[in-house]
Amino acid sequence: MTVDEKLFVEDNVELAPGLFKKKGVMGSINIPPQLMGAKDWVMKKRETLRPWQEFGNYTRASKPGNIAVVSRRVSHNVSYYYTNYAFISAVLVVYCIISSPMLLLAITVSGTACYLISTQKEGKTLQIGGHTFTPKDQAVICACISLPLLFFASAGTVLFWIIGLTCSVVGLHASFMSTPNEDGTEFEMNETV
C-alpha cells in the first residue's frame, strides 16, 4: 500500500472511538466497553484465587473422623477455595468441548447464529423465498436447529459428565483437606456476665 492509499484510507474510514489504541509499532486492541464489566469480574475473582501450592498441599490431607468434621471441612474449603474449584470446572468444560469436534461445531454454529440475531438492528427482518422472518422468528428457527444439533453432539452427556466429575473432585478435596483450626476452636463462644 502506497502512502497516498494509506492517507486515503485513514481519511475515509471511521473507526469506533476508543476501540483501537496505538501502542508501540504493532498497536493493540482495547476491550470493548460492553465487556468491561466481565473484565472487572474476572479480575476480582482472580484476586481470590488461592495459590496452587496451597491448594495441592496434601500434607494437610487427612481422613475425617465423622460426618460433622466432613461438614465443617466442606463448608470451609468450598468457600475458601471457591475460585480454584471454578477454575477446575472451567478447564473441564474447555477439555470436553475441544475433545469433541461435533460438540465444538454445534456450539460454534449455535453461538454464531444467536450472536448474529442479537446484533441485528431493532425491527430488521430477513426475507427468504418470499417469506419474511422477524428477529423472534429467527431465534425460534435458531433454537429448532441448535437443539437437535446439540443433542446429536451429546451435549447433555457432556454436561452431566462435567457436573458429576466436578462434584466428585470438589467433594473429595474439600472433605479430605483439613481446615486451619481442625480442633474446633474457630467456633469458640465467650460468656459475658
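Note: the structure precedes this text.
So, here is what we can say about the structure in this document.

How each quantity is defined
- Residues numbered from 1 in each chain as written.
- Predicted model: local features only at pLDDT ≥ 70, side-chain atom pairs only at ≥ 80, totals over all residues.
- Heavy atoms only, no water.
- Helix = DSSP H or I, 4+ residues; strand = E, 2+ residues; numbered from the N terminus.
- Buried < 20%, exposed > 50% of the residue type's maximum accessible area, 1.4 Å probe, protein only.
- Contact = heavy atoms within 4.5 Å.
- Areas by Shrake-Rupley, 256 points an atom, 1.4 Å probe, with all protein chains shown as cover.
- Phe/Tyr/Trp six-rings, centres within 6.5 Å; stacked < 30°, edge-to-face > 60°.
- Lys NZ or Arg CZ within 6 Å of the ring centre and 35° of its normal.
- Expected span 1.5 Å × (residues − 1).

Digging into the overall build of the protein chain
Point 1. Helices and strands together make up the secondary structure of the protein chain, namely eight helices and four strands.
Point 2. Along its sequence from the N terminus, the protein chain presents helices and strands in the succession α-β-β-α-α-α-α-α-β-β-α-α.
Point 3. Evaluated residue by residue, the protein chain yields a buried proportion of 16% over its 193 residues.
Point 4. Sequence-distant contacts in the protein chain: of pairs separated by 6 or more residues, those separated by 24 or more amount to 69%.
Point 5. As presented, the protein chain carries roughly 15000 Å² of accessible surface, and 66% of it is formed by carbon and sulfur atoms.

Structural notes on the packing of aromatic side chains
Any pair of aromatic rings gets described here by the distance separating the centres and the angle formed by the planes.
Point 1. Under the counting rule described, the total for this entry stands at seven aromatic pairs.
Point 2. For the ring pair Trp52 and Phe87, a centre distance of 5.6 Å and an interplane angle of 55° mean the geometry is tilted. Highlighted residues: Trp52 in helix H3 (residues 52–55) and Phe87 in helix H5 (residues 82–99), separated in sequence by 35 residues.
Point 3. Judged by relative accessible area, Phe87 falls into the partly exposed class, the value being 45%.
Point 4. Consider the rings of Tyr81 and Tyr85, whose centres lie 6.3 Å apart with planes at 65°: the pair is edge-to-face. In this structure, Tyr81 and Tyr85 share a single accessibility class: buried.
Point 5. In textbook terms, an aromatic cluster arises when at least three aromatic residues are bridged by ring pairs, as seen for Trp52, Phe55, Tyr80, Tyr81, Tyr85 and Phe87.
Point 6. Across from the ring centre of Tyr80, 3.9 Å away, lies the NZ or CZ of Arg50, which sits over that ring.

Considerations on H5
Point 1. Compared with the 26 Å implied by 1.5 Å per residue over 18 residues, the 26 Å span of H5 between its first and last C-alpha is a close match.
Point 2. Turning to H5, its buried residues number three or more, namely Thr83, Asn84, Tyr85, Ser89, Leu92 and Cys96.
Point 3. Contacts from the buried residues of H5 go to helix H2 (36–47), H3, helix H4 (67–80), helix H6 (101–118) and helix H8 (155–176).

Some points on unusual backbone geometry
Point 1. The backbone phi angle of Ser154 is positive, close to 65°, even though this residue is not glycine.
Point 2. Counting through the fold element by element, Ser154 comes out in the loop between helix H7 (135–152) and H8.
Point 3. A relative accessible area of 33% means that Ser154 is categorised as partly exposed.

Quick word on the environment of Lys124
Point 1. Along the polypeptide, Lys124 turns up in the loop between H6 and strand S3 (126–128).
Point 2. Sequence-wise, Lys124 and Pro135 are 11 residues apart; in three dimensions their C-alpha atoms are separated by 7.1 Å.
Point 3. Once you skip the residues sitting within four places of it in the chain, Lys124 turns out to touch Pro135 and Gln138.

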